[in-house]
Amino acid sequence: MKKDHITRKLATIAVIGAACLVASLSVLALIAEREDRFTEAQKEVSSSWGKEQNIIGPVLKIEGILNGSQGNRGVLYILPDAAHFESHLVPEKLSRGIFTSVVYNSTTNAQGAFSAVSITDAFSEFATVERAELAVLISDTRGIEKQLSLGWGEGELAFEPGSGLSLLEGSGLHASIPLHSLRQVRSLLEDESLKFGFTVPMKGSGALSFAPVGKESVIAIASPWDSPKFVGAFLPAERTIDDSGFRAEWRISSFGKSYPQSWKSNEAYFDQVLASASGVALYDHGDFYTKLYRSTRYAILFITVTFLAFFLFETLGKIRIHPFQYLLVGAALALFYLLLLSFSE
């Protein structure tokens, strides 16, 4: 085979290979379009069922007229000394057309205590306390289907809609605390701490996380889902994952956080509280679009190696292969990725 003939052959093969490569890579645009449709379907399901849930709190909010301020009002926020969250997730898959979305039903038990000293010191800064509330921020309260109550000391208070805080657009719950004077606080706080507790059954999708608001916070999440993805600022201290599901536990102290346990209204720390949240996302093995992206990027390798092998057979084995045959092989390789997307869905 003459050199000029080999050169023309190589040029022809290169042109055919480039055309087949362009056809293969054009499947990437189709994969992106299908992934966008998948994301839209997930958003439609979560908007009706419940979005990713983020629980921040409880936060004790005290509002009134400050001492020596000539009638100026102020707000003081207090976080608990101890906070323990235990949540159980029951996953479920909902379909929207050919797409599936992972959602869950959860039951969260929260318990903890506020320091008597912190509350007393806070009330001593006010000449008049106008309102005291305990707020719990929840990112999507549409997932809550029944009335909730707060265990406060030895009594029980009703939760009301809205957190009254600036974070998460005020989404959440709050309960009015019957504390209006320092004398009343001292008579109530006979112990060193004031305990709280509440249970929140709610629906959500994708992920669940908690902010470690206590000086010592413990977060425990369990579920029969066998492929969790731990998200947030902290990884769990203990975790167990097997075919029956997972259980993870976070133990976080105030030394690992960048915000104090109390602050005034003119000090902004809520964004830092939100950034410290940790939890788990329910990773779905059915998300095959990432795998399709990766496999399609290998198209240049498969086309190059296949055409090179054919060319070596032709030159060394003296077997004549028509350019149209190269084109058919390249078209089959390009069509493979389209079929892979179709079969995957």
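Residues numbered from 1 in each chain as written. Predicted model: local features only at pLDDT ≥ 70, side-chain atom pairs only at ≥ 80, totals over all residues. Heavy atoms only, no water.

Caption draft 1: Region of interest: the overall build of the chain. Assigned secondary structure in the chain consists of seven helices and 17 strands. Here the C-alpha atoms of the chain give a radius of gyration of 30 Å, more than 25% beyond the 20 Å that 2.2 N^0.38 yields for 345 residues. Each of the three principal axes of the chain carries a C-alpha extent, and together these read 105 × 40 × 35 Å. Taking all 345 residues of the chain together, 43% fall into the buried category. Taking the intrachain contacts of the chain between residues at least 6 apart in sequence as the baseline, contacts between residues at least 24 apart amount to 76%. Element-wise, carbon and sulfur atoms account for 56% of the exposed surface of the chain, whose accessible area totals about 18100 Å². Taking the 31 positively charged and 36 negatively charged side chains of the chain as two groups, their mean positions are separated by 12 Å. (Helix = DSSP H or I, 4+ residues; strand = E, 2+ residues; numbered from the N terminus. Rg over C-alpha atoms; globule rule 2.2 N^0.38 Å. Buried < 20%, exposed > 50% of the residue type's maximum accessible area, 1.4 Å probe, protein only. Contact = heavy atoms within 4.5 Å. Areas by Shrake-Rupley, 256 points an atom, 1.4 Å probe, with all protein chains shown as cover. Lys, Arg positive; Asp, Glu negative; His and termini not counted. Charge placed at Lys NZ, Arg CZ, Asp CG, Glu CD.)

Caption draft 2: Quick peek at helix α7 (residues 323-344). Compared with the 32 Å implied by 1.5 Å per residue over 22 residues, the 32 Å span of α7 between its first and last C-alpha is a close match. Of the positions making up α7, those classed as buried are Tyr326, Gly330, Ala334, Tyr337 and Leu341. (Expected span 1.5 Å × (residues − 1).)

Caption draft 3: Region of interest: the confidence of the model for the chain. Chain-level pLDDT for the chain is 84 on average; 92% of the residues reach the 70-or-more range. When the elements of the chain are averaged for pLDDT, helix α3 (residues 182-188) gives the smallest value, 56, and strand β12 (residues 216-223) the largest, 95. (pLDDT = per-residue confidence, 0-100.)

Caption draft 4: Region of interest: the pattern of salt bridges. As enumerated under the stated definition, the model contains eleven salt bridges in all. We note a salt bridge from glutamate 238 to arginine 251, for which the minimum N-O separation is 3.4 Å. Linking glutamate 238 in strand β14 (residues 238-242) with arginine 251 in strand β15 (residues 245-253), this pair joins segments that are 13 residues apart in sequence. Using a relative accessible area of 44% as the deciding quantity, one classes glutamate 238 as partly exposed. Here the salt bridges share partners, and the residues they tie into one network are Glu86, Glu238, Arg247, Glu249 and Arg251. (Salt bridge = Lys/Arg side-chain N within 4 Å of Asp/Glu carboxyl O.)

Caption draft 5: Quick peek at unusual backbone geometry. For the bond from glycine 57 to proline 58, the omega torsion is 10°, close enough to zero to count as cis. In this structure, proline 58 sits in strand β1 (residues 53-66).

Caption draft 6: Structural detail: helix α5 (residues 289-296). What α5 keeps buried is the set Tyr289, Leu292, Tyr293 and Thr296. Buried residues of α5, viewed axially, fall in a sector of 105°; they line one side. Among the exposed residues of α5, those oriented more than 90 degrees off its buried face are Lys291 and Arg294. (Arc of directions from axis to C-beta.)

Caption draft 7: Examining the environment of serine 139 more closely. Positionally, serine 139 belongs in the loop between β5 (126-138) and β6 (149-152). For the pair formed by serine 139 and glycine 204, sequence separation is 65 residues and the distance between their alpha carbons is 9.8 Å. Here asparagine 54 takes part through its backbone nitrogen, which lies 2.9 Å from a polar atom of the side chain of serine 139. (Polar contact = N/O pair within 3.5 Å; in protein donor to acceptor, adjacent residues only side chain to side chain.)

Caption draft 8: Expanded view of a nonpolar patch on the surface. Judged by side-chain polarity, Leu30, Leu335, Leu338, Leu339 and Phe343 come together as a nonpolar surface patch covering roughly 460 Å² of accessible area. For the nonpolar patch, the element with the most residues is α7, which contributes four residues. For leucine 335, a relative accessible area of 44% corresponds to the partly exposed category. (Patch = residues over 30% accessible without salt bridge, like charges linked within 9 Å, V, L, I, M, F, W, Y side chains within 5 Å.)

Caption draft 9: Just the nonpolar core, in detail. Leu150 and Trp152 are the most contacted members of the largest nonpolar core, which totals 63 residues. Examining the composition of this core, we find that eight residues originate from one element, β5, more than from any other. One finds Ile13, Ile16, Ala41 and Leu292 within the second-largest nonpolar core, a separate group that totals 20 residues. (Core = buried A, V, L, I, M, F, W, Y, C linked by side-chain atoms within 4.5 Å.)

Caption draft 10: Seen up close, the packing of aromatic side chains. Going through the model one piece at a time under the given rule, you end up with 14 aromatic pairs. Ring-pair connections join several aromatic residues into one group, and the members of that group are Phe114, Trp152, Phe159, Phe196 and Phe198. The ring of tryptophan 49 has lysine 203 sitting right over it, with the charged end atom 4.3 Å from the ring centre. (Phe/Tyr/Trp six-rings, centres within 6.5 Å; stacked < 30°, edge-to-face > 60°. Lys NZ or Arg CZ within 6 Å of the ring centre and 35° of its normal.)

Caption draft 11: Summary view of the sheet that holds strand β4 (residues 99-115). Read across the open sheet, the eight strands follow the order β7-β6-β10-β4-β3-β12-β15-β14; overall the sheet is mixed. Since the sheet does not close on itself, it has two edges, and those belong to β7 (155-158) and β14, each with one partner. Between one strand axis and the next, the sheet turns by 15° as a mean value, whatever way the strands run. Direction of pairing for strand β3 (residues 82-96) relative to β4: antiparallel, over a ladder of 15 bridges. Its bridge partner being in β4, histidine 84 is matched across the sheet by glutamine 111. Set on the sheet, helix α2 (residues 116-123) makes contact with β4 and β10 (193-205); between it and β4 the angle comes to about 80°. (Pairing = 2+ DSSP bridges. Axes fitted to C-alpha atoms, helices over the stretch in contact; angles between N-to-C directions.)

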